[in-house]
Amino acid sequence: MDNDEILDDIGALVEEERSLRQRTGGLLPEERARLADLEVRLDQSWDLLRQRRAKTEFGEDPDTATLRPPSEVESYRN
């Protein structure tokens, strides 16, 4: 997967997230679970894109970047 494909995936995930957040009257339990899943997948996708860009910047092969597990990307500190 290249950077453009990752950005396309991010765009689709953001659109779905936006759609869920704009619903009025609250979300069903399965919709809340889907929203939580989208948030994790977005964090993973952004992390993967940052890894690829960093590897490119430092002359490494961006294709060696890997999707990190949710437990890792969700424990990052700002």
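Residues numbered from 1 in each chain as written. Predicted model: local features only at pLDDT ≥ 70, side-chain atom pairs only at ≥ 80, totals over all residues. Heavy atoms only, no water.

One way to put it is that helix α1 (residues 3–21) packs onto helix α2 (residues 29–57) with a least axis distance of 9 Å and a crossing angle of 155°. Regarding the angle of α1 to α2, the classification is roughly antiparallel. The hand of the α1/α2 crossing is left-handed. Classifying every residue of the contact of α1 with α2 by side-chain character gives twelve nonpolar, two polar and nine charged. (Axes fitted to C-alpha atoms, helices over the stretch in contact; angles between N-to-C directions. Helix = DSSP H or I, 4+ residues; strand = E, 2+ residues; numbered from the N terminus. Parallel < 35°, antiparallel > 145°, perpendicular 65-115°, else oblique. Left-handed = near helix turned anticlockwise from the far one by under 90°. Nonpolar A, V, L, I, M, F, W, Y, C, P; charged D, E, K, R; others polar.)

A few words on the pattern of salt bridges. By the definition in use, this model includes ten salt bridges. In this structure, the salt-bridge partner of arginine 68 is aspartate 47, at a minimum N-O distance of 3.0 Å. One end of the pair, arginine 68, is in the loop between α2 and α3 (70–73); the other, aspartate 47, is in helix α2, with 21 residues separating them in the sequence. A salt bridge links glutamate 72 to arginine 68; the shortest N-O distance between them is 3.6 Å. Here arginine 68 falls in the partly exposed class, since its relative accessible area comes to 25%. (Salt bridge = Lys/Arg side-chain N within 4 Å of Asp/Glu carboxyl O. Buried < 20%, exposed > 50% of the residue type's maximum accessible area, 1.4 Å probe, protein only.)

So, about the nonpolar core. Of all hydrophobic cores here, the largest spans eleven residues; its members are Ile6, Ile10, Leu13, Leu20, Leu27, Leu35, Leu38, Leu42, Leu48, Leu49 and Ala65. Breaking this core down by element, the ones donating at least two residues are α1 and α2. With five residues, α2 is the single largest residue contributor to this core. (Core = buried A, V, L, I, M, F, W, Y, C linked by side-chain atoms within 4.5 Å.)

Before going further, it helps to spend a moment on the side chain of aspartate 47. The buried category is assigned to aspartate 47, whose relative accessible area is 4%. Leave out the neighbours within four places in its chain, and aspartate 47 touches Arg68, Val73 and Tyr76. (Contact = heavy atoms within 4.5 Å.)

Turning next to the side chain of glutamine 44. Residue position: glutamine 44 is located in helix α2. Not counting residues within four places of it along the chain, the set of residues in contact with glutamine 44 comprises Leu67, Arg68, Pro69, Pro70 and Val73.

Along its 29 residues, α2 runs 42 Å from first to last C-alpha, staying within 8% of the 42 Å computed at 1.5 Å per residue. When we look at burial in α2, the residues that qualify are Glu31, Leu35, Leu38, Leu42, Gln44, Ser45, Asp47, Leu48, Leu49, Gln51, Arg52 and Lys55. Considering only its buried residues, α2 is in contact with α1 and α3. The first or second residue beyond α2 is glycine 59, which carries a positive phi of 75°. (Expected span 1.5 Å × (residues − 1).)

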